[in-house]
Amino acid sequence: MNTPPAMLHPELLAPFDLHAITRDGHRLDHAEGASKPLQSCPEPQPLGAKIHGSRPIDQTEAAARFIAAPEHEKMHDERLWDLRQKRDREMHGIAEWEELRALASAIKEHTLTHLDEYLEQFEANARSHGVHVHWARDAAEHNQIVHCILSDHGAKSLIKSKSMLTEECGFRHYMTSVGIEVVETDLGERIQQLDNEDPSHIVVPAVHKLRTDVAEVFAKTIGTDPANSDVHYLAEAQREATRPIILAADAGMTGCNFAVAETGTFVVCTNEGNADLSANVPKLHIASIGIEKIIPRLEHLAVFIRLLSRSALGSPVTQYTSHFRGPREGGEMHVVLVDNGRSERLGLEEFWTSLKCIRCGACMNTCPVYRRSGGLSYGATYSGPIGLIIDPTFNQRKYSNLPFASTLNGSCSNVCPVKINIHEQIYAWRRLLVERHETPLAKRVAMKAAGELLSRPAAYRAAIAAADVALAHLPRFVIYNGLNAWGRHREVPHPPKQTFHSWYQANRGGKQ
Ligand code: SF4
C-alpha cells in the first residue's frame, strides 16, 4: 500500500472519523459533504462519452451510463441544483439584477460589434506596460506560441490555473508531447488531470466525482490511503504533493475572465488563489485570452464581477479577483490573444451572441439534462446548454447530436447573466443540422414520416385510432422492445376509450 504524505496533520491520517477535525468541539463544515458516512463498497465512477475521431458523439449512450450509477446521478443533480438555488437567493438580494443583466448583455453586444477596435486598444495599452502580446489564429498556433516562449526561457515545467481556452486548444496534451510538464493548480482541475479526464463543468471541473472517486484517484497517483475519503485529508494531501512542484516551476500560466481595453489589464477570478500562485511564483507569466474576453472600460468590470460569482456559485464574489497589469520586477509577461473559430462564430447570424458568454456555468447548473447526465457525457470541451450552441461551431458533424440533448425549457436563457437566448440557439442548431443532413438517418426518416402524418388530419386521426387499438391488444413484447426507446424506462400510458376528437364530435357536434 502507498504511504500517506508525511507532512499531514496526524488527525487527518486517521480513516474517516466524525470527530477527527474539530474546532471548539464542532466539526468543520466548510467543505460540503465532508461529514457524510462512507459507503462500504463505493459505486464506480461512470465513464464519459466514447470518442472516435470526428464520428458523432453519442451523448445519450454516455448519459444512460451516468443514470445507471444512481449515487453519482443523485449527488450530481443535487449538488448542481443547490448551486442554482444559491444563485437564486443571491439574485433576489439585488434589486437591480435584471438591469445588471441587461447592461452586461449590452456591453458585450457593443464590444463584440467593435471587437477589432477594442482588441487593438488592449494590445497597445498592454504593450505600453511592457507586456508581450501575441496573436493566435487557432489552437495549434496558440500551443506553438506558448511552446516557443517556454523554449526561449529554457522552461521545462509550467504551472497553470484553470482555463477553458487551454482545454479547447488541447494544450496539456501538446505540452506533454514536447516534453514540458504541466501541472494544474486548481484543485478540481488537478483531480481531473490526475485522473486523465477533461473537466466536466466549466466552473467546478470535478463536480461529477464522489469523494470516493477522488480518494481512488489520489491513492493511485499521490499515494494517499485509499480507505480515507475525508475531504480535508484529501485536500491537504494534494496540497502537500503539489506545493513543491509549484515552488519549483519554471513558468506560470493563467487564463483570463475579463481583459480591459482602456487599461490593457486583465482580470482572473478564482476561489483558491491559484491563479496568483501561477502568475507570481515563477518569473515568467503567460496568459491565454480568448478574443471575446475584452470589455471596453474598467467601470464595466463592476457589472460583470457582480454577476459572475453570483450566477456561478451563488456567492457574492469570488475569493480572489486578481488584476494583472504588467511583469513584476525582473519578470516577463506574455499575453496570447486567441481566435480559434471566434471570428467565424461572430459572423454566424443566429449564433454570434454565444460569444457574450462569461463562462459562469449557471446554464449548466439549471439544465435538467446536464444535471442528470454529467458533463463528460457530451464528449466535448463545453458541455451543458452553452456547449450545445458552441460545440457545433468547432465540429458540426462530431457534435451534431448535442443540440438534441435539451428539453428546450428555456431555464438556461432565464439564468444567463448576459441574456444569451440559449434555448432559441439550440433550436436553431437543430433546424440547421436537419437541413444539412447532419442528423442520423433513422431520426430523419422518423421525422419525415411524422411530418407527413401530422400534416394530414384524417390520416393522423386514423393512425391514432389504430394505435389505441394496437396498444390495448398487442402482446407486451411487441410494444416494449429495443425499438421503443420511450418504453425502456416507463410504461406507455393506457389508451383512453375515446379520443378527445371523437368526444368533441359526439358531445359538441364539432361546433364551438
Ligand atoms: S451561456 Fe450564460 S449562463 Fe451559460 S455559462 Fe455562458 S454566461 Fe453563464
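Residues numbered from 1 in each chain as written. Predicted model: local features only at pLDDT ≥ 70, side-chain atom pairs only at ≥ 80, totals over all residues. Heavy atoms only, no water.

S.K.: It is not clear to me how the packing of aromatic side chains should be interpreted in this structure. Could you clarify?
M.R.: Note on aromatic pairs: each is described by the distance of the centres and the angle between the planes. Enumeration according to the criterion identifies seven aromatic pairs in this entry. Consider the rings of Y382 and F394, whose centres lie 6.5 Å apart with planes at 15 degrees: the pair is stacked. With Y382 in the loop between α16 (368-373) and α17 (384-394) and F394 in helix α17, this residue pair connects regions lying 12 residues apart in the sequence. For F394, a relative accessible area of 32% translates into the label partly exposed. Taken together, the aromatic side chains of F500, W503 and Y504 make up a single cluster linked through ring pairs. Over the ring of F304 we find K108; its NZ or CZ atom is 5.6 Å from the centre of that ring. When the ring centre of Y480 is taken as origin, the NZ or CZ atom of R476, which lies over that ring, is 4.0 Å away. (Phe/Tyr/Trp six-rings, centres within 6.5 Å; stacked < 30°, edge-to-face > 60°. Helix = DSSP H or I, 4+ residues; strand = E, 2+ residues; numbered from the N terminus. Buried < 20%, exposed > 50% of the residue type's maximum accessible area, 1.4 Å probe, protein only. Lys NZ or Arg CZ within 6 Å of the ring centre and 35° of its normal.)

S.K.: Would you take a moment to explain the site of the ligand for this structure?
M.R.: C357, C360, G361, C363 and C416 are the nearest of the 13 residues found near the ligand. Classifying every residue of the shell around the ligand gives 11 nonpolar, one polar and one charged. (Near = heavy atom within 4 Å. Nonpolar A, V, L, I, M, F, W, Y, C, P; charged D, E, K, R; others polar.)

S.K.: Is there a simple way to think about the environment of I420 in this case?
M.R.: Checked against the element boundaries, I420 lands in the loop between α18 (411-415) and α19 (422-435). In this structure the C-alpha to C-alpha distance between I420 and S105, which are 315 residues apart in sequence, comes to 7.8 Å. Those residues in contact with I420 that sit more than four places away from it in its chain are T353, S354, K356, C357, I389, S413 and Q425. (Contact = heavy atoms within 4.5 Å.)

S.K.: What should I look at first to understand unusual backbone geometry in this one?
M.R.: Phi is mostly negative for residues that are not glycine, and the peptide bonds are mostly trans. Of note in the backbone geometry, R359 takes a positive phi value of approximately 55 degrees without being a glycine. With respect to the secondary-structure elements, R359 resides in the loop between α14 (342-346) and α15 (362-366). In the Ramachandran plot, L408 falls in the positive-phi region, its phi being about 55 degrees despite a non-glycine side chain. Structurally, L408 can be placed in the loop between α17 and α18.

S.K.: Just checking my understanding: could you explain the sheet that holds strand β8 (residues 265-270) for this structure?
M.R.: As a general point, the strands of a sheet are linked pairwise by backbone hydrogen bonds and lie either parallel or antiparallel. Taken together, four strands build an open sheet; the order of strands is β10-β7-β8-β11 and the sheet is mixed. One side of each edge strand has no neighbouring strand; the edge strands of this open sheet are β10 (294-295) and β11 (320-324). By the bridge criterion, five bridges tie β8 to β11 in an arrangement that is antiparallel. From the neighbouring strand, V268 faces β11, where its bridge partner is S322. (Pairing = 2+ DSSP bridges.)

Read these as geometric descriptors, not functional statements.
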